[in-house]
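A closer look at the structure
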Amino acid sequence: MRRKPKAVLSSAALLLATAAAGDGLASPRAAVRDEASGSWFMDGGRRVAVERLGPAALGASSTPRALAPVRLHYPDGRTVEASVGATAIVEVEPGAEGALGAAGVEVVRPLMPSIGLWLVRDTGGGDGLDLAERLQGAARPAFLREAIPDLRVRLKAHGAPFTPDDPRLPGQWYFDDLGMQEAWGRTQGDAATSIVVIDTGCDLDHPDLAAKMDPGLDVIDDDDDPTYQPGEQSASHGTACAGLIAADTDNGVGIAGGCPACRLRCVRLLDDEPRPISAAVDAFEFALQVNASVVSNSWGYADPMPVPRVVEAAINRLFDAGRGGKGALVLFAAGNDGREILDDELQAVRGVLTVGAVNHLEEQTSFTNSGSAIDLVAPTGTLSTDIAGGEGDDPSDYTSRFGGTSSACPVAAGVAGLLVSAAPERTAAELYDVMIRTARLAPYAIPDENGHDPIFGHGIIDPVAALREVLGDEPPPLAGGGVGDDDEQRAGCACASAGAGSGERQGLAAAALLGLAAAARRRGAARARRGG
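For the structure given in this document, a descriptive report is provided here. (Residues numbered from 1 in each chain as written. Predicted model: local features only at pLDDT ≥ 70, side-chain atom pairs only at ≥ 80, totals over all residues. Heavy atoms only, no water.)

1. As for the overall build of the protein
The helix and strand tally for the protein stands at 13 helices and 22 strands. Excluding contacts between residues fewer than 6 apart, the proportion of contacts in the protein whose partners are at least 24 apart in sequence is 74%. Accessible area for the protein stands at about 19400 Å²; split by element, carbon and sulfur atoms hold 52% of it. (Helix = DSSP H or I, 4+ residues; strand = E, 2+ residues; numbered from the N terminus. Contact = heavy atoms within 4.5 Å. Areas by Shrake-Rupley, 256 points an atom, 1.4 Å probe, with all protein chains shown as cover.)

Structure representation (structure tokens):
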């Protein structure tokens, strides 16, 4: 079974340094500063060179802070624009935070203390980069695992570059495509299943959401009101994601949600300004503390970059220890850049289930990202809730113009909520495997020997098949992956609908049969997932 790729470093030297450290960090010897190289910090085993672009100046946000512009240079040549303020993030041995004072470090507040993450500042007056660099130098404290500046980087909602040909496609076609009415006949979810939406905030008073909302968090304004900010770009994004997941259903109003009985919480993480790395850790810590079952993330870094190790650690903690020790299902949208996701990015984290998008014909969309990190695809949820009233995109309080992988991820998150509700005793890793093993082959996929296609992942999420397996009301898919009528029909459809000539059709038919054989191998051994 295929294992989710871990972060991959771009040089053999860094790999050797990581191995020598034994804990994902370079050894103190490897971290000794080369004065000629300028500023730097170590993020996991990766040395990140930092170019200072100017002096610190007050930011333009409602709570201005002195921020210095910097440019990050990663070993593989990627560069990212960011800014650094007074704080850094440290990871220490649990319980060792009391020893930070002796190293000239003041604790500002806890981030995820269960794995030793703290927000700190330098008592000597240096900024976060100075502090991270000093702590990782020759006098590095023995209890320190990680120290990075709390960089402010641009985040982006994975928005809606795709607009259907008909802006009012009949109803919620994406649920019809997934057979959701049959799935709801097996379970409509459970109020004990809490789904956290990390995004731009939500319209908490929306007529199709208000009855489903539990208390949330605003990590931008540091309060418990995750209401969207009027006038911001993509302000309605979080509301649309929430509606696809768990809109109030069977209430005579608006749309249905993927997990009708599940509860919702919103976290406001995204706005028009760069946000510190610690904000994402705060969001995942909130999901951990409220015992979230599913966490839906239709966002990513605006500039492709390696995931900071502290963010990776926070996600994996949520995946491993959330939901009372069974683990939370953490879903991320693949993104809409039409590019390959590298194996050290956010979507490739061990604890993440990454969701790409297909259109209403189950074809590849023009925007969805690809790569080994793609786990599954789901149809774009084009019709969803919109900010109510004149502030929304549509005066009807609903929009039919949502799309992108942003909409595919919450469609899948609703299905994840149904599975957790039906099988609460299953671990997150077990439920990931169920979703992957029961996925149906995308008609245009050409899977490899592991049943994986870089665009379509392991297939199109299939809520009915997944629920059949966890509920045991019908036999699960054959261990050998026997080809059923539906698979045969889809293989034929893939060839017939291609509009190819005779020779091309024969080639496509052969590819389809090879794909079905690969699907058989996949269903017999879906990946040995995320065990460490």
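From this point on, the discussion continues.
2. Some points on the layout of surface pockets
Leftover empty space is mapped by rolling, across the atoms, a probe with the size of a water molecule. In this structure, the largest pocket encloses a volume near 630 Å³. Together, 29 residues line the largest pocket, and Arg65, Arg109, Leu119, Arg152 and Pro276 are the ones closest to its centre. Residue assignment for the lining of the largest pocket shows that the elements contributing at least two residues are β4 (66–73), β7 (105–112), β8 (117–122), β13 (217–218), β15 (275–276) and α7 (277–289). Split by residue class, the lining of the largest pocket holds 14 nonpolar, four polar and eleven charged. (1 Å grid on protein atoms, 1.4 Å probe; cavity = no way out; pocket = protein on both sides within 12 Å on 5 of 7 lines; lining within 4 Å. Points joined across faces, edges and corners; volume = space filled by probe spheres on them. Nonpolar A, V, L, I, M, F, W, Y, C, P; charged D, E, K, R; others polar.)

3. Points about the sheet that holds β7
Strand pairing in a sheet relies on backbone hydrogen bonds, with the paired strands running either antiparallel or parallel. Taking strand neighbours across the sheet as the criterion, the four strands line up as β7-β8-β6-β9 in an open arrangement whose pairing is antiparallel. Two strands close off the open sheet at either side, each with one partner strand: β7 and β9 (144–149). The average undirected angle you get between the axes of adjacent strands in this sheet is 30°. As paired strands, strand β6 (residues 87–92) and β8 are joined by five bridges and run antiparallel to one another. Residue pairing for β8: Val90 is matched across the bridge by Trp118. Packed on one face of the sheet, α7 meets β6, β7, β8 and β9 and runs near 45° to β7. Against the sheet, helix α8 (residues 309–321) engages β6, β7, β8 and β9, with an angle of about 120° to β9. (Pairing = 2+ DSSP bridges. Axes fitted to C-alpha atoms, helices over the stretch in contact; angles between N-to-C directions.)

4. Looking at the packing of aromatic side chains
Within the structure shown, the criterion is met by seven aromatic pairs. Taking 6.5 Å as the distance between ring centres and 55° as the angle between the ring planes, the aromatic pair formed by Phe284 and Phe332 counts as tilted. In this pair, Phe284 sits in helix α7 while Phe332 sits in strand β18 (residues 329–333), placing the two residues 48 residues apart along the sequence. The residues Phe284 and Phe332 share a single accessibility class, namely buried. Aromatic ring contacts, followed pair by pair, group Trp173, Tyr174, Phe175 and Trp184 into a single cluster. (Phe/Tyr/Trp six-rings, centres within 6.5 Å; stacked < 30°, edge-to-face > 60°. Buried < 20%, exposed > 50% of the residue type's maximum accessible area, 1.4 Å probe, protein only.)

5. Overview of the environment of Ser83
Relative to the helices and strands, Ser83 resides in strand β5 (residues 79–84). The exposure class of Ser83 is buried, given its relative accessible area of 13%. Put simply, Ser83 and Pro69 are 14 residues apart on the chain and 4.3 Å apart in space, counted from C-alpha to C-alpha. Residues within four places of Ser83 in sequence aside, it is in contact with Leu67, Ala68, Pro69, Val70, Leu151 and Arg152.

6. A look at unusual backbone geometry
Despite not being glycine, Asp222 has its phi angle at roughly 60°, a positive value. Inspection of the secondary structure puts Asp222 in the loop between β13 and α6 (237–246). Overall, the relative accessible area of 69% leaves Asp222 in the exposed class. Backbone geometry at Asp250 places phi at a positive 65°, although glycine is not the residue there. Checked against the element boundaries, Asp250 lands in the loop between α6 and β14 (263–268). Looking at Asp250, the relative accessible area reads 79%, which means it is exposed.

7. Observations regarding the state of the cysteines
Throughout the structure, instances matching the rule amount to two disulfides. Covalent S-S linkage joins Cys202 and Cys266, the inter-sulfur distance amounting to 2.0 Å. Linking Cys202 and Cys266, the disulfide has an S-S dihedral of approximately -80° and is accordingly described as left-handed. Here the residue Cys202 occupies a position in the loop between β12 (194–199) and β13, and Cys266 occupies one in strand β14, the gap between them amounting to 64 residues. On the accessibility criterion, Cys202 (1% relative accessible area) is buried. Between the sulfur of Cys259 and that of Cys262 lies a disulfide, 2.0 Å long from S to S. The pair Cys259 / Cys262 is uniform in exposure class, with both members buried. Listing the disulfide partners of the protein by sequence rank of the bonded cysteines yields 1-4, 2-3. A disulfide-free cysteine, Cys241 has its sulfur positioned 7.3 Å from the sulfur of Cys409, the nearest such atom. Overall, the relative accessible area of 1% leaves Cys241 in the buried class. (Disulfide = S-S within 2.5 Å.)

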